[in-house]
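So you can see what is in the structure, the chains are spelled out below.
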Amino acid sequence: MNKEAIIHEKADRIRDVIRYIRRFKNALVIIYIDDKLIDSPLFLSHIKDICYIHESGLKVILVPGASKRISEILSNANIPWSFYNNCRITGTDAMPLIKMAAFDVSNQIMTAFAGEKKTALIGNWVRARGKGVVDGFDYCTAGEIDKLQVDSIQTVLDNGFIPIFPCIGWSVAGKPYNISSIQLAEQIAIRLKADKLFYLVPGADINNSNFSVPEHIGLSPEGTVPAMNLEELDSFMTMNLTTNHSEVLSQNDNLALTSDRSVVQNTGMRDKIFFLLNLAKEACKEGVTRVHILNGSFDGSIPCEIFSDLGSGTMIYANNYGHIRPMVREDISAVLTLMKPFVDEGILLPRTKQMLYEQLAFYIVYEIDGAIRATAALIPYSDGQMEIAGVAVDKHFSHIGLGPKLIDFLLNRAKETGASRVFLLTTQTADWFEHLGFVQGSIEELPPQRKEKWNPKRGSKVLFYDKPAKKII
């Protein structure tokens with residue numbers, strides 16, 4: 001890589017960071033941090049990163065897991081417990097110790113923030129009610145959120161502090177209940193209409209090594225699923241949640257794993273990820289913009305996820321992340337920059353601003369969080385044929401399926417507008433287009449206007465989307 005390319009790549013990374021800082025300034029971020037990370041060597045590094053994003057203008061709420069600490073304290077006191085539907089089931093005699101453990105963990109978090117000169121506050125902002133008896137099962141001291149003191153929380157955020165939520169809620173009468181930290185984070189995100197919900201969990205990798213990934217879901221160069229919309233999430237869950245792994249039962253869209261309708265603690269990372277994905281789906285349906293599942297075993301996973309397009313983990317979203325739209329005049333400079341490496345390699349013909357402006361109506365772009373990451377054009381001819389041209393995908397995003405999405409979009413547009421055939425010319429990417437259903441044809445089959453422009457010195461191959469006997473699909 002030459003010096004110009006190296007500087008360009010560094011500049012692009014810096015631009016991405018600045019773009020995301022602008023985009024998410026004053027955004028509300030809820031972060032669940034698994035308690036296994038609190039005892040890990042990476043804990044203080046994660047706290048430092050959370051401080052960085054807070055200083056970048058994001059509002060942060062932290063929900064620490066306390067399950068490990070609670071189990072330790074209850075075991076030392078010889079108090080029994082069990083898990084049912086991701087809830088800890090105990091007698092009332094356990095609650096003083098559960099409260100102690102929950103606040104002990106929260107104090108540990110607050111002390112770490114103080115070490116970074118950040119003010120964090122632990123509050124009793126959660127009014128809870130007991131889950132009671134459901135289908136004949138008594139949840140005892142397990143509770144769920146009844147109400148959040150939204151005004152008080154907002155005041156804390158507006159004053160620049162970081163609220164910390166222990167996994168305890170109190171009834172109107174002052175009775176304490178134990179609440180699942182994972183579900184507490186989800187409910188806080190929903191009720192405060194958060195922009196982002198993070199689940200920072202050690203080992204939480206969603207990749208093609210641990211899961212089956214549907215072909216239409218793109219992967220990062222490392223094999224991780226960087227993002228899924230709700231439709232893609234459904235297909236991912238359907239492919240992976242089989243009787244060979246876990247029986248999936250659904251009740252009010254809450255995931256329940258194992259055949260006895262219980263979620264057993266520490267049943268394995270795979271089941272925990274399924275549970276988090278289901279909560280992510282519910283949160284997005286309820287208005288949370290994006291939910292991120294991150295492997296907390298990686299140093300720097302939080303800022304990498306926030307301040308880059310592909311991130312470090314897996315993002316679940318309802319809309320407004322990546323989308324195809326018509327190219328507008330303001331996009332032309334970015335599109336030319338996107339095309340330049342392909343022009344340099346001889347894959348694309350050079351284009352000018354004037355050429356793109358004249359063909360503006362034919363071009364589409366794939367935009368991810370305000371940045372143009374792919375482009376292509378569909379050019380009509382008088383004989384009814386249409387040409388796909390100018391296909392360029394940012395090489396950093398070539399593994400997540402943007403190219404096939406653009407081609408599919410243009411093929412559908414060609415069908416809707418009554419194209420007789422769709423063709424393209426290529427010198428180096430014939431194999432890729434053939435994989436998408438194109439077949440080689442003859443120069444003589446091109447529209448007269450296009451045949452006149454064909455350059456024998458360049459020697460481009462002509463590919464048609466299926467032969468004339470077949471239809472555009």
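First, a word on what this report is: a plain description of the structure on this page. Since this is a predicted model, take the numbers as computed values, not measurements.

Some details on the overall build of the chain
Turning to step 1, where the next piece is worked out: Across its full length, the chain carries 15 helices and 25 strands.
Turning to step 2, where the next piece is worked out: Overall, the chain is about 85 × 50 × 35 Å in size when its C-alpha atoms are taken along their principal axes.
Turning to step 3, where the next piece is worked out: Across the 473 residues that make up the chain, the buried fraction comes to 51%.
Turning to step 4, where the next piece is worked out: For the chain, the share of sequence-separated contacts (at least 6 apart) that also reach a separation of at least 24 residues comes to 71%.
Turning to step 5, where the next piece is worked out: When the accessible area of the chain is evaluated, it comes to approximately 22,000 Å², of which 52% is carbon and sulfur surface.
Turning to step 6, where the next piece is worked out: Considering the chain, the positive charge centre built from 51 side chains and the negative charge centre built from 54 side chains are found 4 Å apart.

A short note on the packing of helix α7 (residues 181-191) against helix α9 (residues 269-285)
Two quantities define a packed helix pair, namely the angle between the helix axes and the distance between the axes.
Turning to step 1, where the next piece is worked out: Where α7 contacts α9, the axes come no closer than 10 Å and their chain directions differ by 15°. Comparing the axis directions of α7 and α9 gives the class roughly parallel. When the axes of α7 and α9 are compared, the crossing they make is right-handed. Every residue of α9 that contacts α7 at I182, Q183, E186, Q187 and I190 is listed here: K272, F275, L276, L279, E282 and A283.
Turning to step 2, where the next piece is worked out: Considering only residue class, the contact of α7 with α9 consists of six nonpolar, two polar and three charged.

A look at the packing of aromatic side chains
Turning to step 1, where the next piece is worked out: Using the criterion set out here, one finds 13 aromatic pairs in the structure.
Turning to step 2, where the next piece is worked out: For the pair F137 and Y139, a centre-to-centre distance of 5.2 Å together with 80° between the ring planes defines the contact as edge-to-face.
Turning to step 3, where the next piece is worked out: Overall, the relative accessible area of 4% leaves Y139 in the buried class.
Turning to step 4, where the next piece is worked out: With 5.8 Å between their ring centres and 35° between their planes, Y381 and F423 make a pair best called tilted. With a gap of 42 residues between them, Y381 in the loop between β21 (371-380) and β22 (385-393) and F423 in strand β23 (residues 421-426) connect regions that are remote in the sequence. In this pair, the class of Y381 matches that of F423, namely buried.

Some remarks on the packing of helix α4 (residues 67-76) against helix α5 (residues 95-115)
Turning to step 1, where the next piece is worked out: Contact pair α4 / α5: the axes reach a minimum separation of 9 Å and the direction vectors enclose 140°. In terms of axis orientation, α4 runs oblique to α5. The two elements α4 and α5 meet at a crossing, and its hand is right-handed. On α5, the residues that touch R69, I70, I73 and L74 of α4 are L97, I98, M100, A101, D104 and V105.

A look at the sheet that holds strand β25 (residues 461-465)
Turning to step 1, where the next piece is worked out: The mixed open sheet is built from seven strands, whose spatial order is β19-β20-β21-β22-β23-β25-β24. Looking at which strands have only one partner, the edges of the open sheet turn out to be β19 (322-326) and β24 (438-440). Ignoring strand direction, the axes of neighbouring strands in this sheet form an average angle of 30°.
Turning to step 2, where the next piece is worked out: Summarising the sheet, β23 and β25 pair through four bridges and their orientation is antiparallel. Across the sheet, the residue bridging to L424 is L463, located in β25.
Turning to step 3, where the next piece is worked out: On the sheet, helix α13 (residues 402-416) packs against β19, β20 (363-368), β21, β22, β23, β24 and β25 and is oriented at approximately 30° with respect to β21.

Things to note about the pairing of β22
Turning to step 1, where the next piece is worked out: Counting buried positions along β22 gives nine out of nine residues, so the element sits mostly inside the fold.
Turning to step 2, where the next piece is worked out: Hairpin connection of β21 to β22: four residues between the antiparallel strands, including G384 at a positive phi of 95°.

Quick look at the pattern of salt bridges
Turning to step 1, where the next piece is worked out: Under the criterion given, the structure shown has 22 salt bridges.
Turning to step 2, where the next piece is worked out: Between K272 and D34 there is a salt bridge, with the nearest N and O atoms lying 2.8 Å from each other. Placement of the pair is K272 in helix α9 and D34 in the loop between β1 (28-33) and α2 (35-38), with a sequence separation of 238 residues.
Turning to step 3, where the next piece is worked out: When its relative accessible area of 23% is taken as the criterion, K272 is described as partly exposed.

What about the state of the cysteines?
Turning to step 1, where the next piece is worked out: For the coordinates displayed, the defined rule picks out zero disulfides.
Turning to step 2, where the next piece is worked out: Its sulfur unpaired, C87 is 11 Å from the next cysteine sulfur, which belongs to C140.
Turning to step 3, where the next piece is worked out: Free of any disulfide, C284 has its nearest neighbouring cysteine sulfur in C304, separated by 20 Å.

Here's the deal with unusual backbone geometry
Turning to step 1, where the next piece is worked out: A positive phi is found at N26, a non-glycine position, where the angle reads about 70°.
Turning to step 2, where the next piece is worked out: Note that N26 resides in the loop between α1 (3-23) and β1.
Turning to step 3, where the next piece is worked out: Here the phi dihedral of N78 falls at roughly 60°; this positive angle occurs in a residue that is not glycine.
Turning to step 4, where the next piece is worked out: Looking at N78, the relative accessible area reads 68%, which means it is exposed.

Description of the side chain of S460
Turning to step 1, where the next piece is worked out: Mapping S460 onto the fold places it in the loop between α15 (448-453) and β25.
Turning to step 2, where the next piece is worked out: Setting aside anything within four residues of it in sequence, one finds S460 in contact with L425, T426, T427, I443 and W454.

Describing the environment of P176
Turning to step 1, where the next piece is worked out: Residue placement: P176 occurs in strand β12 (residues 176-178).
Turning to step 2, where the next piece is worked out: Judged by relative accessible area, which is 18%, P176 ranks as buried.
Turning to step 3, where the next piece is worked out: Separated by 46 residues in sequence, P176 and G130 place their C-alpha atoms 8.9 Å apart.
Turning to step 4, where the next piece is worked out: Excluding anything up to four places from it in sequence, P176 contacts M95, K99, I168, G169 and W170.

Digging into α1
Note that an α-helix has 3.6 residues per turn; residues three or four places apart therefore point the same way.
Turning to step 1, where the next piece is worked out: Over its 21 residues, α1 extends 30 Å from the first C-alpha to the last, a length consistent with the 30 Å expected when each residue adds 1.5 Å.
Turning to step 2, where the next piece is worked out: All of the buried residues along α1 are D16, R19 and Y20. Looking down the long axis of α1, one finds its buried residues gathered within 90° of arc, a one-sided arrangement. Exposed side chains of α1 directed beyond 90 degrees from the buried face belong to K3, E4, K10, I14 and R22.
Turning to step 3, where the next piece is worked out: Each element contacted by the buried residues of α1 is listed here: α10 (301-306), β20 and β21.

So, the nonpolar core
Turning to step 1, where the next piece is worked out: Ranked by size, the top nonpolar core spans 53 residues in total, and within it I30, F165, Y199 and L277 carry the most contacts.
Turning to step 2, where the next piece is worked out: Counting residues per element, this core draws most heavily on α9, at nine residues.
Turning to step 3, where the next piece is worked out: Among all residues touching F165, those that are not within four sequence positions of it are I61, L62, V63, P64, S106, W125, V126, L148, I153, L184 and I188.

What counts and what doesn't
- Residues numbered from 1 in each chain as written.
- Predicted model: local features only at pLDDT ≥ 70, side-chain atom pairs only at ≥ 80, totals over all residues.
- Heavy atoms only, no water.
- Helix = DSSP H or I, 4+ residues; strand = E, 2+ residues; numbered from the N terminus.
- Buried < 20%, exposed > 50% of the residue type's maximum accessible area, 1.4 Å probe, protein only.
- Contact = heavy atoms within 4.5 Å.
- Areas by Shrake-Rupley, 256 points an atom, 1.4 Å probe, with all protein chains shown as cover.
- Lys, Arg positive; Asp, Glu negative; His and termini not counted.
- Charge placed at Lys NZ, Arg CZ, Asp CG, Glu CD.
- Axes fitted to C-alpha atoms, helices over the stretch in contact; angles between N-to-C directions.
- Parallel < 35°, antiparallel > 145°, perpendicular 65-115°, else oblique.
- Left-handed = near helix turned anticlockwise from the far one by under 90°.
- Nonpolar A, V, L, I, M, F, W, Y, C, P; charged D, E, K, R; others polar.
- Phe/Tyr/Trp six-rings, centres within 6.5 Å; stacked < 30°, edge-to-face > 60°.
- Pairing = 2+ DSSP bridges.
- Salt bridge = Lys/Arg side-chain N within 4 Å of Asp/Glu carboxyl O.
- Disulfide = S-S within 2.5 Å.
- Expected span 1.5 Å × (residues − 1).
- Arc of directions from axis to C-beta.
- Core = buried A, V, L, I, M, F, W, Y, C linked by side-chain atoms within 4.5 Å.

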